[in-house]
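One-letter residues, chain by chain:
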Amino acid sequence: QVQLVESGGGLVQAGGSLRVSCAASGDTFSSYSMAWFRQAPGKEREFVASIIGSGGSTYYADSVKGRFAISRDNAQNAVYLHVNSLTPEDTAVYFCAATRSILWPRVEAVSYNYWGQGTQVTVSS
């Protein structure tokens, strides 16, 4: 099992940038593919980005491609999401998630076994 704790959310103006972090503990971190999802009020949880266990490959939702960047540091047991050129539509709770599925990338929330509690990102216009 792996435990996940997000941090780094906050209030930012449109056009700004932020880095959200997810610290993992428990099982061997590099054996998990990691992902970021987000959920805005009244909307379903939405896939944002994923990174394979080695960190060698990444995958993004079309809505964030070119603006967001996912990375991981297996020595620090952490995964990051760098968010740039933010718009009010990016306002959501951002969750990190982990899966040991051998299939990658996985964009469905049900494919992920472990979740953090989320961190709020609010973008003001």
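Residues numbered from 1 in each chain as written. Predicted model: local features only at pLDDT ≥ 70, side-chain atom pairs only at ≥ 80, totals over all residues. Heavy atoms only, no water.

1. Some remarks on the packing of aromatic side chains
In step 1: For the coordinates displayed, the defined rule picks out seven aromatic pairs.
In step 2: Pairing F47 with Y59 gives two aromatic rings, centres 6.0 Å apart and planes at 40°, and the pair type is tilted. Here the residue F47 occupies a position in strand β5 (residues 46-51), and Y59 occupies one in strand β6 (residues 58-60), the gap between them amounting to twelve residues.
In step 3: For Y59, a relative accessible area of 37% corresponds to the partly exposed category.
In step 4: Seen from their ring centres, Y112 and W115 are 6.3 Å apart, and the 65° between their planes marks the pair as edge-to-face.
In step 5: Given a relative accessible area of 4%, Y112 falls into the buried group.
In step 6: Under the relative-accessibility criterion, W115 is labelled partly exposed at 26%. (Phe/Tyr/Trp six-rings, centres within 6.5 Å; stacked < 30°, edge-to-face > 60°. Helix = DSSP H or I, 4+ residues; strand = E, 2+ residues; numbered from the N terminus. Buried < 20%, exposed > 50% of the residue type's maximum accessible area, 1.4 Å probe, protein only.)

2. Let's talk about the nonpolar core
One broad trend across soluble globular proteins is that nonpolar side chains are buried collectively.
In step 1: In this structure, L4, M34, W36, F68, I70, V79 and L81 are the most contacted members of the largest nonpolar core, which totals 34 residues.
In step 2: Within the residue set of this core, elements represented by two or more residues are β1 (2-7), β3 (18-26), β4 (33-39), β5, β7 (68-73), β8 (78-83), β9 (92-99) and β11 (119-124).
In step 3: A total of five residues in this core trace back to one element, the largest contributor, which is β9.
In step 4: Ignoring any residue separated from it by four or fewer positions in sequence, one finds V79 in contact with V20, S21, C22, F29, M34, W36, I51, I70, S71, R72 and C96. (Core = buried A, V, L, I, M, F, W, Y, C linked by side-chain atoms within 4.5 Å. Contact = heavy atoms within 4.5 Å.)

3. Examining the pattern of salt bridges
In step 1: Under the defined criterion, the tally for this structure stands at six salt bridges.
In step 2: In this structure, E46 and R38 form a salt bridge, with 2.8 Å as the shortest nitrogen-oxygen distance.
In step 3: Through salt bridges that share partners, R38, E46, R67 and D90 make up one connected network. (Salt bridge = Lys/Arg side-chain N within 4 Å of Asp/Glu carboxyl O.)

Bear in mind that shape data such as this cannot, by itself, settle questions of function.
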